[in-house]
Amino acid sequence: MKKEKIKSLNQEIKRHLLLLISNSTMVASQLFLLIGFGNNWEPLMNVFHSPLDIQIMICSSSLMVFGFGLTAAVHALEISDIKQSLKSYTDGE
């Protein structure tokens, strides 16, 4: 029974770690997008037709950074909690 629980907790850690990496990658990609253009938004004028479109893109990228960053933090906390549970199971043996 304990071995099954420990195996289950290890699988949960792996799942949350994968989600943490995925969300962190999304944060990085959106930050690179925002930082990469810096003050030079002229290349985007070929894609977007108005400055308002560019502002909407900046706002949506910023919201994505916040959302994915928050989700990554939640997964990091979940990993921490699972590790605590795992430690209590392994210490009890």
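Further up the page is the structure itself.
The rules behind each value
Residues numbered from 1 in each chain as written. Predicted model: local features only at pLDDT ≥ 70, side-chain atom pairs only at ≥ 80, totals over all residues. Heavy atoms only, no water. Helix = DSSP H or I, 4+ residues; strand = E, 2+ residues; numbered from the N terminus. Buried < 20%, exposed > 50% of the residue type's maximum accessible area, 1.4 Å probe, protein only. Areas by Shrake-Rupley, 256 points an atom, 1.4 Å probe, with all protein chains shown as cover. Lys, Arg positive; Asp, Glu negative; His and termini not counted. Charge placed at Lys NZ, Arg CZ, Asp CG, Glu CD. Contact = heavy atoms within 4.5 Å. Salt bridge = Lys/Arg side-chain N within 4 Å of Asp/Glu carboxyl O. Expected span 1.5 Å × (residues − 1). Polar contact = N/O pair within 3.5 Å; in protein donor to acceptor, adjacent residues only side chain to side chain. Core = buried A, V, L, I, M, F, W, Y, C linked by side-chain atoms within 4.5 Å.

S.K.: How would you summarise the overall build of the protein if you had to cite specific residues and measurements?
M.R.: From N to C terminus, the protein includes two helices and zero strands. Considered along the principal axes of its C-alpha atoms, the protein spans approximately 65 × 15 × 15 Å. Scored against the burial criterion, the 93 residues of the protein give a buried share of 20%. In the structure as shown, the protein presents an accessible area of about 6,800 Å², 65% of it carried by carbon and sulfur atoms. Computing the positive centroid from 8 side-chain charges and the negative centroid from 8, the protein places the two 14 Å apart.

S.K.: Requested: an account of the side chain of S61, with residues and values cited.
M.R.: Assignment of secondary structure puts S61 in helix 2 (residues 51–91). Not counting the four nearest positions on each side in its chain, S61 is found in contact with Q30, L33 and L34.

S.K.: Explain the pattern of salt bridges to me, using residue names and the numbers behind them.
M.R.: Tallying each qualifying case throughout the model produces one salt bridge. The partner of E12 in a salt bridge is R15, and the shortest N-O contact between them spans 3.2 Å. Note that E12 and R15 are positioned in helix 1 (residues 2–37) at a spacing of three residues, about one turn of the helix.

S.K.: Outline helix 2, supporting the account with residue identities and numerical values.
M.R.: In this model helix 2 runs 60 Å from its N-terminal to its C-terminal C-alpha over 41 residues, within 8% of the 60 Å that 1.5 Å per residue would give. If you check which residues of helix 2 are buried, you get I54, M57, S61, V65, A72, H75, I79, I82 and L86.

S.K.: Requested: an account of the side chain of H75, with residues and values cited.
M.R.: As for its position among the elements, H75 is in helix 2. On the accessibility criterion, H75 (11% relative accessible area) is buried. One polar contact links H75 to H16, side chain to side chain, over a distance of 3.0 Å. Excluding residues within four positions of it along the chain, H75 makes contact with H16, L19, L20 and N23.

S.K.: Tell me about the environment of L63, and please be specific about residues and values.
M.R.: Here L63 lies in helix 2. A sequence separation of 37 residues divides L63 from M26, and the C-alpha atoms of the two residues are 12 Å apart.

S.K.: Before we move on, can you summarise the nonpolar core with the specific residues and values?
M.R.: Counting residues in each nonpolar core, the largest one holds eight residues, listed as I6, L9, I13, L20, A72, I79, I82 and L86. Elements with a contribution of two residues or more to this core: helix 1 and helix 2. Dropping the residues within four chain positions of it, L86 is found in contact with I6, L9, N10 and I13.

As far as function goes, none of this settles anything; it's purely spatial.
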